[in-house]
Amino acid sequence: MFDIAIIGAGIIGTMISRELSKYKLDIILLEKDNDVANGATKANSAIIHAGYDALPNTIKAKTNAEGNAMFDQLCVDLSVPFSRIGSLVVAKCEEEKKVLTELYERGKKNGVPNLKILEKEEVLQMEPSLTNKVAGALFAPSAGIIGPWELAIALAENAIENGVELKLNYEVKNITKEKDYYKIYCDEDYLEAKYVINCAGIYADKINNMINSPYFEIMPDTGEYQLYDKSVGKLFNSIIFQCPTDKGKGVLALSTVHGNFMIGPTSERVKSKENKGTTRRGKDFLKENIRDLCEEFPYSKIITAFTGLRAKVISEDFIIEETGNSSGFINVAGIDSPGLSASPAIAKMVVNILNNIASLEKKEKFNEKRKAITQFITLSDDEKSELIKKDKRYGKIICRCENITEGEIVDSIKRSVGATTVDGVKRRARPGSGRCQGGFCSPRVMEILTRELNVGMYEILKSNKGSYNLIKRKVENENWSGENV
Amino acid sequence: MRQTITCIACPLGCRVEVEEKSQGEKKYLISGHKCIRGEKYAIEEITNPTRVLTYTVKIRNANLSRLPIKTDGVIAKGLLFSCIEEIDKIELQAPIRIGDVIIENVLNTGVDIVASRSMNAIKI
Amino acid sequence: MYNYDIVVVGGGPAGLAAAIEARKNGVRNILVVERDRELGGILNQCIHNGFGLHIFKEELTGPEYAERFIDEFHRLEIEYKLDTMVLNITEDKTMKLVSSEYGLMHVKAKAIILAMGCRERTRGAINIPGTRPAGIFSAGTAQRFVNMEGYMPGKKVVILGSGDIGLIMARTMVWEGAKVSAVVELMPYSGGLTRNIVQCLEDFDIPLLLNHTIINIKGDERLEGVTVAEVDSSKKAIKSTEKFFECDTLLLSVGLIPENELSINAGIELDRKTGGAVVNESMETSVAGIFACGNVLHVHDLVDWVTEESRKTGKSAAKYVYEQPSEGGRTIETIAEEGISYIVPHEIRTKKVEDKIDIYLRVDNIYEDVILLIKTDSKIIKRIKKKHLAPGEMESVSISIEDIISGGAKLTVEIEKGGQ
């Protein structure tokens, strides 16, 4: 019997796991996929928002600015890439400048520090590549960029270090309430926990409905993004938002923590919870819209495009609460933007809720540190030489575009939340994130996975179950159908 | 009977029309070609089309698991797949030298299958 | 710090030919750096034949062509390091190399020859809408899996792009037992050689869909199919022509890009059209003593041209190492005019050309019965009748130095349409 079962190992589930691992609790983190950070966490704007967007007195408003302030320590402890590059909301006419004032006032109410409204000249001085049509901007120095999945993976690793158990490929199919605990089923299999925390992202309504009567519905909307080559990485210095208008929020643009450039998102309500991918419409929308920020935008430097689903609810605020009367079932649902920014504060809220139900006791020993994968290419020459002397695998470059070594890839596989798929390795050690998108290195990465996990080449998946990469040749393949061949 | 052949004797890629005559001095009436090579190619392609097969064969004890091979001359186009079946039955051991005969006189064509690269044995 | 006269980056056909030629021109102290486990580069996976007609006057497969150079390379006892990556090159020609065996190495060279080859354009770069399932491979990656490592990418295949690698892979996949439903080509013509269209597609009744493109990719985990549509003259998909092709594999053969990251870091000027360095008649880049040849300079259609160009480069680099720089003479710029997409080299120093110079160029469309016009300023120095010109086929033109000297500061090439 576990004290706590946390359903969903995205940014929210991992953050809560890590926060709760500070207490004397038996915790299990459940994930339906074969890796953590596989939902919205892997496809979003990767921004730690300052916090002026949310309407005052909402949970979003309360948790955003509070969460934002917690990232410096968190990312130092967990060795996660994070940089407070600041954000600009750009106005292009006097009308839009009024909106800036509104955002400024709202931000102050929400506790956002050091906000400032800048005049045209100041903005252009900060951002020379920005369109000349800019009329002014709201500057929020506390906004930052982060590696979202790196953070979730780091949180999961640190949680495990501190005693949390992680169970992958455990899709919760049913939950039953027993006398004073829950039974959580995955097909025939089940496990028991006194408390359940539902962080199932776009499926949070489904999980809730297994035990409670439906009282919210996740209506995902899809956001499409485009990632550009590092040669474009320095186009802007800060995160650039457009002034929200009646037509919508407009496309944002930023450098990523890895030095690429990203634009997006589109925003479309979708009926299905399955990600249907990018669209021609989205592509045209981004192309059209980014022109409002930079007339000469280098579209040809695109390296990939992707979509993410955001877990929207009708109330448009986060749902963070224990359901019913002392049920011990806590929903953490409807966590769309600024969920990532708010996540540390959300975890604190959840701890407080639990503390009210069952008084929690802190562990004497909690290791807040987690070591990152050593990035060979960032080391000094002496460090590089030393590292190769210690471990030859750091002398072998596997990913030519990003100069990632075999040592790093092996490390990414051998960790407590180790990679088991090509995309898993990519999210941890970054081979295949460059210009060639894995053309050269994915066969090598697959070979290393095969060797380290002691499985066959045909078992190596791209990402989720079913995403097989290769099949056996016809002579060795008993399933080779003669159909049409 | 009329057939159209794309000539591959040079990069021009003429569409050559070949008409089989039932009588007369010439058996074929050729048109559309821009040079004499087109005529020769078209007749060959109609009467006895041939190809070189380049393929790979399983190899053990080498750094790679496939060894490239080729037919040491052209074989009838219609025999390509049977030839592949023959090659698929084989498993080699490294080392192999370029030009080594892998199958002699494949399918009685008079053509050998030969290795098209050398491959060393893995050093243990 | 290790010192070499010449360091060659890349042990593929370009690097091998350049190193061999530099050695034959008297340079003793040469190092070839190769990041793969063996020499020969991409030729090792190009098991089809058709290589060497120009250089060896016979038809060889890729591995055979490579092996001839590898053998000669070993006979000449040129030093090389495998599994070794060049991390960076500076303008003063110092380099950082890394390998498991030797660790981090600092190398200083008198001359450097860049021969890193090219990489394939990706799905991301052409931004096809849809999901991101497994089963999408660049044609070259699939070729390596099939021909060298013995794995199959899938059973039911659609190929986007009709360049030679796409065509060759269509046949390879059929011979390996797969079904190839179509080769989809955006342009009104194939970028590949006619013989490949005949022997790789027509032989197996694989449809070549010209003026078509893929407008959507379907499949959550593994590819389930692609939607293909015809495009209009502005390359926009025509809605009514949409057709779904069920497939588990999509191979992309949508262009090659010279791999010039090291060149950019070394401060070398690039040509936006070729994606390779701007070079002079000696294949020397904007950084003195750094040369470039092969697909890293511009993408070639035939390896024979790579060899020819690389030999020239090896010889030039040897001269650079041993000869005093000669002053004087004029510098002539080459300019691609009407119908020509690019010319290599970009400039010709008259003093450096002995009797004639070969220039390489590509045209921007298919042309039949036209004249290739070579002028210096307005004076015509050469008229070459061409029955057939295609963007997929590189053209080489030999020009005598007298002709060049007799003219002005610019050498232009253009296509004169409408015959004589």
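Residues numbered from 1 in each chain as written. Chains lettered and ligands numbered in written order. Predicted model: local features only at pLDDT ≥ 70, side-chain atom pairs only at ≥ 80, totals over all residues. Heavy atoms only, no water.

1. Regarding the overall build of chain B
Defined as follows: Segments assigned H or I by DSSP are reported as helices when at least four residues long, segments assigned E as strands when at least two residues long, and all are numbered from the N terminus. Radius of gyration: over C-alpha atoms. The globule rule applied is 2.2 Å multiplied by the number of residues raised to the 0.38 power. Burial status follows relative accessibility: with a 1.4 Å probe on protein chains alone, a residue under 20% of its type maximum counts as buried, one over 50% as exposed, and anything between as partly exposed. Only heavy atoms matter for contacts: two residues are in contact if any of them lie within 4.5 Å across the pair. Here the open area of atoms and residues is found with the Shrake-Rupley method and a 1.4 Å probe, where only the protein chains shown may cover a residue. As used throughout, the charge tally considers Lys and Arg to be positive and Asp and Glu to be negative, leaving His and the chain termini uncounted. To locate a charge, the coordinates of NZ of Lys, CZ of Arg, CG of Asp or CD of Glu are taken.
Along its length, chain B carries two helices and 10 strands. Its helices and strands taken in sequence order, chain B reads β-β-β-α-β-β-β-β-α-β-β-β from the N to the C terminus. Relative to the 2.2 N^0.38 estimate, which gives 14 Å for 124 residues, the radius of gyration of chain B is 20 Å and therefore markedly larger than a compact globule would have. Principal axes of the C-alpha set define a box for chain B whose edges measure 70 × 30 × 15 Å. For chain B, buried positions account for 41% of its 124 residues. The contacts in chain B between residues at least 6 apart in sequence include a share of 46% that link residues at least 24 apart. About 6900 Å² of surface is accessible on chain B, with carbon and sulfur atoms providing 49% of the total. When the 18 positive and 15 negative side-chain charges of chain B are each reduced to one mean point, those points stand 7 Å apart.

2. Description of the overall build of chain A
Across its full length, chain A holds 13 helices and 22 strands. Relative to a compact globule of 485 residues, whose C-alpha radius of gyration would be 23 Å, chain A shows 23 Å and is just as compact. Summarising its shape, the C-alpha atoms of chain A cover approximately 65 × 60 × 55 Å along the three principal directions. Put simply, chain A has 485 residues, and 60% of those count as buried. Long-range pairs, those at least 24 residues apart, make up 71% of the contacts in chain A with a sequence separation of at least 6. When the accessible surface of chain A is summed, it comes to about 20300 Å², and 49% of that surface belongs to carbon and sulfur atoms. Treating the 68 positive side-chain charges of chain A as one cloud and the 67 negative ones as another, the clouds have centres 3 Å apart.

3. Observations regarding the interface of chain C and chain A
What counts here: Once two parts are brought into contact, the accessible area they lose, counted with a 1.4 Å probe and summed over both, makes up the buried area. Salt-bridge detection follows one rule: a side-chain nitrogen of Lys or Arg within 4 Å of a carboxyl oxygen of Asp or Glu.
Listed by partner, the interface residues are 52 residues for chain C and 57 residues for chain A. For the pair chain C and chain A, the summed buried surface comes to about 4500 Å²; carbon and sulfur atoms form 53% of the total. On the chain C side of the interface with chain A, the three residues burying the most area are Asn-127, Arg-132 and Lys-155 of chain C, jointly 13% of the side's total. Our enumeration of links across chain C and chain A arrives at five salt bridges. Here Arg-435 of chain A makes a salt bridge to Glu-261 of chain C, at a shortest N to O gap of 3.5 Å.

4. What to know about the state of the cysteines
Residues and elements named next belong to chain A. Applicable threshold: Only a pair of cysteine sulfur atoms within 2.5 Å qualifies as a disulfide here.
For the structure shown, the criterion picks out zero disulfides over all chains. This cysteine, Cys-93, is not joined by any disulfide, and Cys-243 carries the nearest cysteine sulfur, 7.7 Å off. Residue classification places Cys-93 among the partly exposed residues on the basis of a relative accessible area of 32%. Cys-436 takes part in no disulfide bond, and the closest cysteine sulfur to it belongs to Cys-401, at a distance of 3.8 Å.

5. Considering the layout of surface pockets
Residue and element names in this part refer to chain C. Where we set the bar: A cavity here means a set of 1 Å grid points, computed over protein atoms only, where a 1.4 Å probe fits but cannot escape. A pocket is an open set with protein on both sides within 12 Å along at least 5 of 7 lines, and lining residues have an atom within 4 Å of a point. Grid points are joined across faces, edges and corners, and a volume is the space filled by probe spheres set on the points. Note on residue categories: nonpolar means Ala, Val, Leu, Ile, Met, Phe, Trp, Tyr, Cys or Pro, charged means Asp, Glu, Lys or Arg, and polar means any other residue, Gly included.
Here the second largest pocket is characterised by a volume of approximately 920 Å³. Around the second largest pocket, the lining is made up of 31 residues, and of these Glu-281, Ser-282, Ser-316, Lys-319 and Lys-352 lie nearest the centre. Every element with two or more residues in the lining of the second largest pocket is listed here: helix H8 (303–322) and strand S23 (356–363). When residues of the lining of the second largest pocket are assigned to their parent elements, the largest contribution, seven residues, is made by H8. Split into classes, the residues belonging to the lining of the second largest pocket amount to seven nonpolar, seven polar and 17 charged.

6. Here we look at the pairing of strand S8 (residues 103–114) of chain C
All names here are of chain C. The line we're drawing: Paired strands are those between which DSSP finds at least two bridges.
S8 sits mainly inside the fold: nine of its 12 residues count as buried. Two strands pair when backbone bridges link them, and strand S1 (residues 2–9) and S8 are joined in this way by seven bridges, in the parallel orientation. When the bridges of S8 are listed, Val-8 appears paired with Ile-113. Across six bridges, strand S7 (residues 94–99) lies against S8 in antiparallel orientation. Within the sheet, the bridge partner assigned to Met-95 lies in S8 and is Val-107. Hairpin connection between S7 and S8: a loop of three residues separates the two successive antiparallel strands. In this sheet, strand S19 (residues 290–292) lies alongside S8 in parallel orientation, the contact comprising three bridges. Each residue of the ladder has a partner; that of Leu-114, found in S19, is Ala-292.

7. Some remarks on empty space enclosed by the protein
Applying the stated rule across the entire model yields two cavities of 30 Å³ or more. By volume, the largest cavity amounts to about 60 Å³. Of all elements in the fold, only strand S5 (54–60) of chain B together with helix H5 (164–175) of chain C reach the threshold of two or more residues within the lining of the largest cavity. Here the lining of the largest cavity is built from residues that sort into four nonpolar, four polar and two charged. Residue lining of the second largest cavity: Ala-17, Ile-20, Glu-21, Lys-24, Phe-69, Glu-72 and Arg-311 of chain C, and that is the complete set. Looking at the lining of the second largest cavity, the elements with two or more residues in it are helix H1 (13–24) and helix H2 (62–75) of chain C. No other element matches the four residues that H1 of chain C contributes to the lining of the second largest cavity. Here the lining of the second largest cavity is built from residues that sort into three nonpolar, no polar and four charged.

8. Some words on the packing of aromatic side chains
Two aromatic rings are characterised by how far apart their centres lie and by the angle between their planes. In plain terms, the rule: Only Phe, Tyr and Trp rings take part, Trp by its six-membered ring, and two of them pair if their centres are within 6.5 Å. Stacked means planes under 30 degrees apart, edge-to-face means over 60, and tilted covers everything else. Criterion for a charge above a ring: Arg CZ or Lys NZ at most 6 Å from the ring centre, at most 35 degrees from the ring normal.
Counted under the stated rule, the structure contains 19 aromatic pairs over all chains. Judged by centre distance (5.3 Å) and plane angle (20 degrees), the ring pair of Tyr-225 of chain A and Phe-306 of chain A falls under stacked. Taken as a pair, Tyr-225 of chain A in strand S13 (residues 221–228) and Phe-306 of chain A in strand S18 (residues 302–310) lie far apart in primary sequence, 81 residues in all. Judged by its relative accessible area of 3%, Tyr-225 of chain A is buried. Geometrically, the ring pair formed by Trp-175 of chain C and Phe-204 of chain C is edge-to-face, given 6.2 Å between the ring centres and 90 degrees between the ring planes. With Trp-175 of chain C in helix H5 and Phe-204 of chain C in the loop between helix H6 (194–201) and strand S13 (208–209), this residue pair connects regions lying 29 residues apart in the sequence. Members of the aromatic cluster, joined through ring pairs, are Tyr-228, Phe-236, Phe-261, Phe-297 and Tyr-299 of chain A. One Lys or Arg, Arg-400 of chain A, reaches over the ring of Phe-440 of chain A and ends 3.8 Å from the middle of that ring.

9. Here we look at the domain arrangement of chain A
All names here are of chain A. The condition that has to hold: An automatic or database domain assignment supplies the start and end points of every domain. In protein, a polar contact requires one atom able to donate a hydrogen and another able to accept it; more generally it is a pair of N or O atoms within 3.5 Å, and residues adjacent in sequence count only if both atoms are side-chain atoms.
The domain architecture assigned to chain A consists of domain 1 (2–41 + 148–217 + 315–357), domain 2 (87–141 + 221–309) and domain 3 (376–459). Counting residues at the interface gives six residues for domain 2, matched by six residues for domain 3. Overall, the association of domain 2 and domain 3 removes approximately 490 Å² of surface from exposure, summing both partners, and the carbon and sulfur fraction of that is 41%. Remark: the boundary between domain 2 and domain 3 carries two salt bridges. Our enumeration of links across domain 2 and domain 3 arrives at three residue pairs in polar contact (both at pLDDT 80 or more). For the side of domain 2 that touches domain 3, the class distribution of residues is one nonpolar, three polar and two charged.

10. Section: the pattern of salt bridges
For the structure shown, the criterion picks out 73 salt bridges over all chains. A salt bridge links Arg-427 of chain A to Asp-35 of chain A; the nearest nitrogen and oxygen atoms lie 3.6 Å apart. Taken together, the residues Arg-427 of chain A in helix H12 (residues 422–429) and Asp-35 of chain A in the loop between strand S2 (27–30) and strand S3 (47–48) connect sequence positions 392 residues apart. Residue Glu-79 of chain C is joined to Lys-81 of chain C by a salt bridge in which the shortest nitrogen-to-oxygen separation is 3.9 Å. A relative accessible area of 10% places Lys-81 of chain C in the buried class.

11. Things to note about the domain arrangement of chain B
If you check the domain split of chain B, you get domain 1 (2–47) and domain 2 (54–115). A straight line from the C-alpha centre of domain 1 of chain B to that of domain 2 of chain B covers 32 Å.

12. Points about the environment of Glu-347 of chain C
Residues and elements named next belong to chain C. Positionally, Glu-347 belongs in strand S22 (residues 347–349). A sequence separation of 67 residues divides Glu-347 from Asn-280, and the C-alpha atoms of the two residues are 4.6 Å apart. Residues in contact with Glu-347, not counting those within four places in the same chain, are Val-279, Asn-280, Glu-281, Thr-331, Ile-332, Glu-333 and Thr-334.

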